[in-house]
Amino acid sequence: MNKGQMLYEGKAKRIYQTNEEGIYWVEYKDDATAFNGAKKGQIANKGFLNNKISALFFQLLKKHGIENHFVQSISENEQLIRKVEIVKVEVVVRNVAAGSLAKRLGLEEGTELPHTIVEFYYKDDALNDPFINDDHISILKLATPEQIVEMKSQALKVNQVLRQFMKELGILLVDFKLEFGIDVEGKILLADEISPDTCRFWDAVTKEKLDKDRFRQDLGGVEEAYQEILKRLEAQM
Ligand code: UDP
């Protein structure tokens with residue numbers, strides 16, 4: 001398989017065409033951004049770590065019947081994925097109050113939510129990814145009502161699998177963000193990445209943060225935290 005023309009460069013990844021119909025080539029970068037790009041930096045080996053961690057999560061989900069865009073890893077920081085048209089909605093699932101939810105609703109960080117909640121954000125940098133609901137998604141024609149139901153249902157399934165799996169590794173799955181795409185057959189397909197960049201992982205006992213909040217909040221030990229997640233995943237898989 002050949003790496004073709006670059007189609008898109010995001011904050012954490014580059015996407016390339018390939019010579020195979022329906023397959024894209026992803027390169028995970030070491031670049032790190034937070035607060036919609038206002039804070040920029042690098043996390044050593046992040047491309048390698050997130051490529052690996054994401055691949056393991058996507059394989060785990062597939063094993064549990066949750067289809068996704070992952071095809072195969074091809075190098076330390078590259079993987080092949082199925083071609084999709086990304087839906088411009090970020091789907092956030094939360095089990096414990098943290099980040100923007102804690103701030104917006106005045107909840108203490110770490111408060112366990114009475115039940116899991118799903119939120120939508122409009123994936124638009126210029127607007128700062130605003131919080132939106134089903135009606136906003138509808139008027140902006142970002143997804144159909146059926147697609148919204150499907151994304152929410154898949155997001156909750158992902159939560160069930162990941163939350164239980166991480167619990168066994170001694171990690172609390174606080175919250176995470178998913179992105180979905182429309183595949184060549186017009187179906188909703190889980191896409192993007194699942195990594196410490198897009199999830200909040202806390203050590204279940206010490207509550208130590210093992211995710212991008214270490215970068216956002218200048219806590220230090222960012223690479224080590226991502227490595228710790230990979231180490232625990234690899235020990236179990
Ligand atoms: N998240 C993400 N990309 C974004 C915004 C959020 O991956 O553009 C993830 C974030 O890592 C966390 C969850 O989604 O796991 C919820 O984030 P929150 O709304 O609390 O926003 P933040 O505090 O990151 O601004």
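What this report covers is the structure whose coordinates are included nearby. (Residues numbered from 1 in each chain as written. Predicted model: local features only at pLDDT ≥ 70, side-chain atom pairs only at ≥ 80, totals over all residues. Heavy atoms only, no water.)

**Remarks on the nonpolar core**
Nonpolar side chains in soluble globular proteins generally cluster together in the buried interior.
Turning to step 1, where the next piece is worked out: Ranked by size, the top nonpolar core spans 51 residues in total, and within it L190, I194, F201 and L233 carry the most contacts.
Turning to step 2, where the next piece is worked out: Non-local contacts of L233, meaning those with residues more than four positions away in its chain, are made with I53, L56, F57, F165, M166 and L169.
Turning to step 3, where the next piece is worked out: Ranked by size, the runner-up nonpolar core spans five residues in total, among them Y24, V26, Y28 and I81. (Core = buried A, V, L, I, M, F, W, Y, C linked by side-chain atoms within 4.5 Å. Buried < 20%, exposed > 50% of the residue type's maximum accessible area, 1.4 Å probe, protein only. Contact = heavy atoms within 4.5 Å.)

**So, the pattern of salt bridges**
Turning to step 1, where the next piece is worked out: Summed over all chains, the structure comprises 29 salt bridges.
Turning to step 2, where the next piece is worked out: Here K187 makes a salt bridge to E185, at a shortest N to O gap of 3.4 Å.
Turning to step 3, where the next piece is worked out: What emerges from the salt-bridge pattern is a single network uniting K3, E9, R14, E27, K29, D31 and E78. (Salt bridge = Lys/Arg side-chain N within 4 Å of Asp/Glu carboxyl O.)

**Points about the packing of aromatic side chains**
Aromatic rings considered in pairs are described by the distance between their centres and by the relative angle of their planes.
Turning to step 1, where the next piece is worked out: This model, assessed by the stated rule, comprises three aromatic pairs.
Turning to step 2, where the next piece is worked out: Between F58 and F70 the ring centres are 6.5 Å apart and the planes differ by 15 degrees, which places this aromatic pair in the stacked class. Taken together, the residues span a long stretch of sequence, with F58 in helix α1 (residues 46-63) and F70 in strand β6 (residues 70-75) at a distance of twelve residues.
Turning to step 3, where the next piece is worked out: Under the relative-accessibility criterion, F58 is labelled buried at 0%.
Turning to step 4, where the next piece is worked out: Its relative accessible area of 12% is what places F70 among the buried residues.
Turning to step 5, where the next piece is worked out: Between the NZ or CZ atom of K3 and the centre of the ring of Y16, over which it lies, the distance is 4.4 Å.
Turning to step 6, where the next piece is worked out: Sitting above the plane of the F131 ring, R104 keeps its charged end 4.3 Å from the centroid. (Phe/Tyr/Trp six-rings, centres within 6.5 Å; stacked < 30°, edge-to-face > 60°. Helix = DSSP H or I, 4+ residues; strand = E, 2+ residues; numbered from the N terminus. Lys NZ or Arg CZ within 6 Å of the ring centre and 35° of its normal.)

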